[in-house]
Amino acid sequence: MKRTVLITGATSGIGEACARKFAEGGYRLILTGRRAELLEKLKSSLETEVLTLCFDVRDREASRQAVESIPADWKAIDVLINNAGLAQGLEPEYEGDVEDWDRMIDTNIKGLLTMTRLIVPGMVSRNHGHVINIGSVAGDGAYLGGNVYCATKAAVKTLSDGLRLDVAHSAVRVTNLKPGLVETNFSNVRFHGDAARAENVYKGIKPLTGADIADVAYYAASAPEHVQIAEVLILATHQGSGSYIVRV
């Protein structure tokens, strides 16, 4: 029987790239996202079995209903990729937009917790499964203007570490991937649709792509059962840390 992966935030960026990579690897996919039309478009482009679930991970009840709607023969999820996440704004912490704060905290932390709570009990009971959380180099240390976003990704690291301890009695594995500069629609979202400002983020450096991160996620999932890739930091060649980038 084919292995099953559930990917949150699958309609673009790293999530979409993971969908394509795991489909190529023979997985069947449960793809979640907020935009039904993009989910269906992605589904039609993949040569594997795909189940789509349209909901926002910030909505705990909608998330619960969506997971409960998964057909019985799809419920034994092998890999959960907690990818849904975003950054918004670069204002100083004392001038931040509280709605931006709520959206980041509710998606990056609480949404991840909700999906973990809904999926991981089944993994533990089956003594099999793998949780891959998409964290960030931003979780290793704050950078100018990153304040709340960096805090949410630090939480992803801590939650990953905590979950790894909680499931150590079982064969469930936990991986935290920490990408650096990745060229997706991430910056466009951060700058509230200001495409010109978003483009400046990637000037003078060859950034990572969503496919680069998907490759690492697939590698971690493909490791032998006794091997747990606990944490991976992935940076562009000319990026030294979350705050240090050499533009050439």
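Further up the page is the structure itself.
Residues numbered from 1 in each chain as written. Predicted model: local features only at pLDDT ≥ 70, side-chain atom pairs only at ≥ 80, totals over all residues. Heavy atoms only, no water.

**As for the packing of aromatic side chains**
Point 1. Per the stated rule, a full pass over the model turns up 3 aromatic pairs.
Point 2. Taken together, a centroid distance of 6.3 Å and an interplanar angle of 75° make the contact between Tyr27 and Tyr218 edge-to-face. Highlighted residues: Tyr27 in the loop between helix H1 (13-24) and strand S2 (28-33) and Tyr218 in helix H8 (residues 210-222), separated in sequence by 191 residues. Tyr218 carries the same exposure label as Tyr27, and that label is buried.
Point 3. Grouped by ring-pair contacts, the aromatic residues Phe22, Tyr27 and Tyr218 constitute a single cluster.
Point 4. A cation sits over an aromatic face here: Arg28 above Trp74, 4.2 Å from the ring centre. (Phe/Tyr/Trp six-rings, centres within 6.5 Å; stacked < 30°, edge-to-face > 60°. Helix = DSSP H or I, 4+ residues; strand = E, 2+ residues; numbered from the N terminus. Buried < 20%, exposed > 50% of the residue type's maximum accessible area, 1.4 Å probe, protein only. Lys NZ or Arg CZ within 6 Å of the ring centre and 35° of its normal.)

**Side note on H1**
Point 1. Over its 12 residues, H1 runs 17 Å from end to end, which matches the ideal 16 Å to within 8%, given 1.5 Å per residue.
Point 2. If you check which residues of H1 are buried, you get Ile14, Gly15, Ala17, Cys18, Ala19, Phe22 and Ala23.
Point 3. Directly after H1, the chain includes Gly26, whose backbone phi takes a positive value near 95°. (Expected span 1.5 Å × (residues − 1).)

**Topic: the side chain of Asn83**
Point 1. Mapped onto the elements of the fold, Asn83 is located in the loop between strand S4 (79-82) and helix H4 (98-126).
Point 2. What makes Asn83 buried here is its relative accessible area of 11%.
Point 3. With residues up to four places along the chain from it excluded, the contact list for Asn83 reads Thr8, Gly9, Ile14, Gly15 and Ile134. (Contact = heavy atoms within 4.5 Å.)

**Things to note about the layout of surface pockets**
Point 1. Each pocket or cavity is described by its volume, and for the largest pocket that value is around 1100 Å³.
Point 2. Only H1, S2, H4, helix H5 (147-166) and helix H6 (186-190) provide two or more residues apiece to the lining of the largest pocket.
Point 3. The element that contributes the greatest number of residues to the lining of the largest pocket is H6, accounting for 4 residues.
Point 4. In terms of residue class, the lining of the largest pocket is made up of 22 nonpolar, 20 polar and 8 charged. (1 Å grid on protein atoms, 1.4 Å probe; cavity = no way out; pocket = protein on both sides within 12 Å on 5 of 7 lines; lining within 4 Å. Points joined across faces, edges and corners; volume = space filled by probe spheres on them. Nonpolar A, V, L, I, M, F, W, Y, C, P; charged D, E, K, R; others polar.)

**A short note on the pairing of S2**
Point 1. In terms of residue burial, S2 counts as a mostly covered element, since 6 of its 6 residues are buried.
Point 2. On S2, burial covers both faces: Arg28, Ile30 and Thr32 on one face and Leu29, Leu31 and Gly33 on the other are all buried.
Point 3. Where strand S1 (residues 4-7) and S2 come together, 4 bridges link them in parallel fashion. Among the inter-strand pairings, Thr4 is bridged to a residue of S2, identified as Arg28.
Point 4. As for the winding sense of the linkage, the β-α-β connection from S1 through H1 to S2 is right-handed.
Point 5. Inspection of the sheet shows S2 paired to strand S3 (residues 50-54) by 5 bridges, in the parallel sense. Among the inter-strand pairings, Thr32 is bridged to a residue of S3, identified as Leu53.
Point 6. Regarding the hand of the β-α-β motif, the stretch spanning S2, helix H2 (residues 36-44) and S3 is right-handed. (Pairing = 2+ DSSP bridges. Right-handed = clockwise from strand over helix to strand, strands pointing away.)

**Some details on the sheet that holds S1**
Point 1. Taking strand neighbours across the sheet as the criterion, the 7 strands line up as S3-S2-S1-S4-S5-S6-S7 in an open arrangement whose pairing is parallel. Every interior strand has two partners, whereas the edge strands, S3 and strand S7 (231-234), have only one. The mean inter-strand angle of the sheet, taken between neighbouring strand axes irrespective of direction, is 15°.
Point 2. H4 contacts S1, S4, strand S5 (129-134) and strand S6 (172-179) of the sheet and is inclined by roughly 170° relative to S4.
Point 3. Set on the sheet, H5 makes contact with S5, S6 and S7; between it and S6 the angle comes to about 160°. (Axes fitted to C-alpha atoms, helices over the stretch in contact; angles between N-to-C directions.)

**Quick word on empty space enclosed by the protein**
Point 1. Scanning all chains against the criterion turns up 2 cavities of 30 Å³ or more.
Point 2. The computed volume of the largest cavity comes to approximately 80 Å³.
Point 3. What lines the largest cavity is a set of 16 residues, and nearest its centre among them are Gln88, Gly89, Trp101, Met104 and Asn147.
Point 4. Looking at the lining of the largest cavity, the elements with two or more residues in it are H4 and H5.

**As for the pattern of salt bridges**
A side chain with one charge may pair with a side chain of the opposite charge, provided their charged atoms come close.
Point 1. Going through the model one piece at a time under the given rule, you end up with 11 salt bridges.
Point 2. The closest approach of N and O atoms between Asp215 and Lys21, which form a salt bridge, is 3.3 Å. Here Lys21 lies in helix H1 and Asp215 lies in helix H8, a separation of 194 residues in the sequence.
Point 3. Through salt bridges with shared partners, a single network forms among Asp140, Lys157, Asp161, Arg164, Lys178 and Glu231. (Salt bridge = Lys/Arg side-chain N within 4 Å of Asp/Glu carboxyl O.)

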